[in-house]
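# Results of the structural survey
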Amino acid sequence: MKLLDELQSRFEIPNDRQLAAKLDVSTPVISRIRNGKCAVSADIMIRIHEVLGLPIAEIKELCQ
């Protein structure tokens, strides 16, 4: 998924496990998002904004 790839690239996070740890979510949540089995929830968007400082509008754009 474009959002997860961008987060890993921009913030130099090497894998989904470390991204999950940084966002304080479980690795399966990241896996389900990456595989298109669930959408990025508002809670996850807010978490990305709070932890990484990415604007919500940009997060939404990367989710498309």
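Further up the page is the structure itself.
So, here is what we can say about the structure in this document.

Criteria and cut-off values
- Residues numbered from 1 in each chain as written.
- Predicted model: local features only at pLDDT ≥ 70, side-chain atom pairs only at ≥ 80, totals over all residues.
- Heavy atoms only, no water.
- Buried < 20%, exposed > 50% of the residue type's maximum accessible area, 1.4 Å probe, protein only.
- Helix = DSSP H or I, 4+ residues; strand = E, 2+ residues; numbered from the N terminus.
- Core = buried A, V, L, I, M, F, W, Y, C linked by side-chain atoms within 4.5 Å.
- Contact = heavy atoms within 4.5 Å.
- Salt bridge = Lys/Arg side-chain N within 4 Å of Asp/Glu carboxyl O.

## Here we look at unusual backbone geometry
If you check the backbone angles, Glu12 has positive phi at about 55 degrees while not being a glycine. Residue Glu12 is classed as exposed on the basis of its relative accessible area, which comes to 72%. Within the chain, Asp24 stands out as a residue other than glycine whose phi angle is a positive 60 degrees. Turning to its location among the elements, Asp24 is positioned in the loop between helix H2 (16–23) and helix H3 (27–34). Judged by its relative accessible area of 61%, Asp24 is exposed.

## Some details on the environment of Glu12
For Glu12, the position within the fold is in the loop between helix H1 (2–10) and H2. Between the C-alpha atom of Glu12 and that of Val51, which follows or precedes it by 39 residues, the distance is 14 Å.

## Remarks on the nonpolar core
Side chains of nonpolar character tend, in soluble globular proteins, to be buried together. Of all hydrophobic cores here, the largest spans 18 residues; its most connected members are Leu3, Leu7, Leu19 and Ile48. Put simply, the parts of the chain that give this core at least two residues each are H1, H2, H3, helix H4 (42–52) and helix H5 (56–63). The residues contacting Ile48, other than those within four sequence positions of it, are Leu3, Leu7, Leu23, Gly53, Leu54 and Ile59.

## Side note on the pattern of salt bridges
Under the definition given, this model contains 5 salt bridges. The closest approach of N and O atoms between Arg34 and Asp5, which form a salt bridge, is 2.8 Å. With a gap of 29 residues between them, Arg34 in helix H3 and Asp5 in helix H1 connect regions that are remote in the sequence. Arg34 sits in the partly exposed class, given a relative accessible area of 24%. A residue is classified by how much of its surface remains accessible, and Asp5, at 39% relative accessible area, is partly exposed. We note a salt bridge from Arg10 to Glu6, for which the minimum N-O separation is 2.9 Å. Of this pair, Arg10 and Glu6 both sit in helix H1, 4 residues apart, which is roughly one turn of the helix. For Glu6, a relative accessible area of 27% translates into the label partly exposed. Linked through salt bridges whose partners overlap, the residues forming this network are Asp5, Asp16 and Arg34.

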